[in-house]
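# What the coordinates show
Listed below are the residues making up each chain.
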Amino acid sequence: MSLHPLTRRLMAPDITAMKRVKPIIALTSYHAHTAAIADKYCDFLLVGDSLGMVMHGFETTVPVTLDMMIVHGRAVVRGAKRALVAIDMPFGSYEESPSVAFRNASRVMKETDCGAVKLEGGRRMAETTRYLVERGIPVMGHIGLTPQSINVIGGFKSQGRTRDEWAAIEDDALALADAGAFAVVLEAMSAPLASRITDAIPIPTIGIGASSNCDGQILVMEDMLGLSPRVPKFVKKFGAVATAIEDAIRSYAEEVGERRFPAAEHTYAMKEEAKRTPPGFPQGLAPVTKKPKKLST
Ligand code: KIV
């Protein structure tokens, strides 16, 4: 665990330089206040397109739009002061051509002030990665399970669990490193393959369901907090936030139902009454002592 002193915000080359130096700590983030908390412990925060599923209730990440990524990206950049903020390019915003990818990624960078973008895909995204990096946009790769391709893959399926799948996935990692990606996410991948890739490439591997053999780890914040109703096998729940939220909402409903909330301390008194409140009494609740009436002579 690292509780960082406040220094400048980390940039993509700082993350690359952490390979073989320290484990890289990352979480997804979609919200300014939780970003401010995670910022104390994380090297980078990813505004992932999983926000479509964990924030907006979609079944997959496919319906997520560029505007949704920008709205959440702005919130996270406002909340985090030190961590690098990387933003996912959503499905349909970069695959068509390097120039379309540049137009949309530069919009994301300008409108959010984030420090990098992430693209799904290995060799097929190498040309686009090079094009963006050469024009000033740091790119994080994402291989293994690539959820934006769910309709082709046929489900959220783990990857590289038979040796005949390895060569293609290793080639994806090498192509992205060669194209100038500063790090690559390995999702839902067998541990020995993640280990081989981590040893083979000069940039950090960030695992999510890819074992502790990676250079760093990332989880979806809502999943690890225990807020998401369904989570993949590789998620460890470090909290029970759904239960905490339900307990609080149940207490609120009970107190409102029984007229116990709001109490006097949550209520505004009239200004005249507040002035007369002696110290130690909640505003407006001091017994109002009537002045004795002057007796008329
Ligand atoms: O969108 C996301 O949450 C991601 C992580 C799985 C890395 O891309």
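Look above for the structure.
Computed from a predicted model, the values in this text were never measured in an experiment.

## Details of the overall build of the protein
A count of helical and extended segments in the protein gives twelve helices and eight strands. Classification of the 297 residues of the protein by burial places 46% in the buried group. Considering only residue pairs separated by 6 or more positions, the protein has 57% of its internal contacts joining residues 24 or more positions apart.

## Thoughts on the pattern of salt bridges
This structure, assessed with the given rule, holds 14 salt bridges. Residues Arg-107 and Asp-67 are paired through a salt bridge, measuring 2.7 Å at the closest nitrogen-oxygen approach. Taken as a pair, Arg-107 in helix H5 (residues 98-112) and Asp-67 in helix H4 (residues 66-79) lie far apart in primary sequence, 40 residues in all. A salt bridge links Arg-135 to Glu-134, with the nearest nitrogen and oxygen atoms 3.8 Å apart. Residue Arg-135 is classed as partly exposed on the basis of its relative accessible area of 41%. Put simply, Asp-67, Arg-74, Arg-107 and Glu-111 are held in one network by salt bridges that share partners.

## With respect to the environment of Gln-217
Mapping Gln-217 onto the fold places it in strand S8 (residues 216-219). Remark: the alpha-carbon pair of Gln-217 and Leu-27, spanning 190 residues in sequence, is separated by 8.0 Å. Setting aside its immediate chain neighbours within four residues, Gln-217 contacts Ile-24, Ile-25, Ala-26, Ile-206, Gly-207, Ser-211 and Ser-212. There is a polar contact of 2.9 Å between the side chain of Gln-217 and the backbone oxygen of Ser-211.

## Here's the deal with the packing of helix H6 (residues 126-134) against helix H8 (residues 166-179)
Each pair of packed helices can be described by the angle between their axes along with the distance between the axes. At their nearest, the axes of H6 and H8 sit 8 Å apart, and the two run at 20° to each other. As far as their axial angle goes, H8 and H6 are roughly parallel. In this structure, H6 meets H8 at a crossing whose hand is right-handed. Contacts from Ala-126, Thr-129, Arg-130 and Val-133 of H6 reach H8 at Ala-175, Leu-176, Asp-178 and Ala-179.

## Observations concerning the packing of aromatic side chains
Applying the stated criterion to the full structure yields one aromatic pair. Over the ring of Tyr-131 we find Arg-135, and its NZ or CZ is 3.6 Å from the ring centre.

## Re the site of the ligand
Taken together, the neighbourhood of the ligand is formed by 13 residues, with Gly-48, Asp-49, Ser-50, Asp-88 and Lys-118 sitting nearest. Take Asp-49: an N or O atom from its main chain is 3.1 Å from an oxygen atom of the ligand. Considering the ligand on its own, with 260 Å² of exposed area, one finds that the protein chains cover 95% of that surface. When each cavity is represented as a set of grid points, the ligand is found to reside in the largest pocket.

## Observations concerning the packing of H5 against H6
Packing of H5 against H6 brings their axes to within 9 Å, and their N-to-C directions diverge by 50°. It follows from the interaxial angle that H5 and H6 lie oblique. In this structure, H5 crosses over H6, and the sense of that crossing is right-handed. Counted together, Pro-98, Ser-99, Ala-101, Phe-102 and Ala-105 of H5 and Glu-127, Thr-128, Tyr-131 and Leu-132 of H6 form the full contact between these two elements.

## Section: the side chain of Glu-120
You can see Glu-120 is positioned in the loop between strand S4 (116-118) and H6. One buried charge, Glu-120, has no salt-bridge partner; the nearest side chain with opposite charge is Lys-118, at 4.7 Å. A distance of 2.9 Å separates the side chain of Glu-120 from the backbone nitrogen of Gln-148, its partner in a polar contact.

## A look at the nonpolar core
Membership of the largest hydrophobic core comes to 54 residues, with the highest contact counts inside it found for Phe-44 and Val-117. Looking at this core, the element that brings in the most residues is H4, giving six residues. Leaving out residues up to four positions away in the same chain, Val-117 has contacts with Ile-87, Met-89, Ala-105, Val-108, Met-109, Leu-132, Ile-137, Pro-138, Val-139 and Met-140. Ile-143, Trp-166, Ile-203 and Ala-210 belong to the second largest nonpolar core, which has 17 residues in total.

## A word on unusual backbone geometry
In this structure, Pro-262 follows Phe-261 across a cis peptide bond, with omega equal to 0°. Positioned with a positive phi, Arg-20 is a non-glycine residue whose angle comes to about 65°. Tracing the backbone through its elements, the reader meets Arg-20 in the loop between helix H1 (12-17) and strand S1 (24-28). Phi angles above zero are rare outside glycine, and Ala-188 is one such case at about 45°. Here Ala-188 shows up in the loop between strand S6 (183-187) and helix H9 (191-200).

What counts, and where the lines are drawn
Residues numbered from 1 in each chain as written. Predicted model: local features only at pLDDT ≥ 70, side-chain atom pairs only at ≥ 80, totals over all residues. Heavy atoms only, no water. Helix = DSSP H or I, 4+ residues; strand = E, 2+ residues; numbered from the N terminus. Buried < 20%, exposed > 50% of the residue type's maximum accessible area, 1.4 Å probe, protein only. Contact = heavy atoms within 4.5 Å. Salt bridge = Lys/Arg side-chain N within 4 Å of Asp/Glu carboxyl O. Polar contact = N/O pair within 3.5 Å; in protein donor to acceptor, adjacent residues only side chain to side chain. Axes fitted to C-alpha atoms, helices over the stretch in contact; angles between N-to-C directions. Parallel < 35°, antiparallel > 145°, perpendicular 65-115°, else oblique. Left-handed = near helix turned anticlockwise from the far one by under 90°. Phe/Tyr/Trp six-rings, centres within 6.5 Å; stacked < 30°, edge-to-face > 60°. Lys NZ or Arg CZ within 6 Å of the ring centre and 35° of its normal. Near = heavy atom within 4 Å. Areas by Shrake-Rupley, 256 points an atom, 1.4 Å probe, with all protein chains shown as cover. 1 Å grid on protein atoms, 1.4 Å probe; cavity = no way out; pocket = protein on both sides within 12 Å on 5 of 7 lines; lining within 4 Å. Sits in = over half its atoms within 2 Å of the grid points. Lys, Arg positive; Asp, Glu negative; His and termini not counted. Core = buried A, V, L, I, M, F, W, Y, C linked by side-chain atoms within 4.5 Å.

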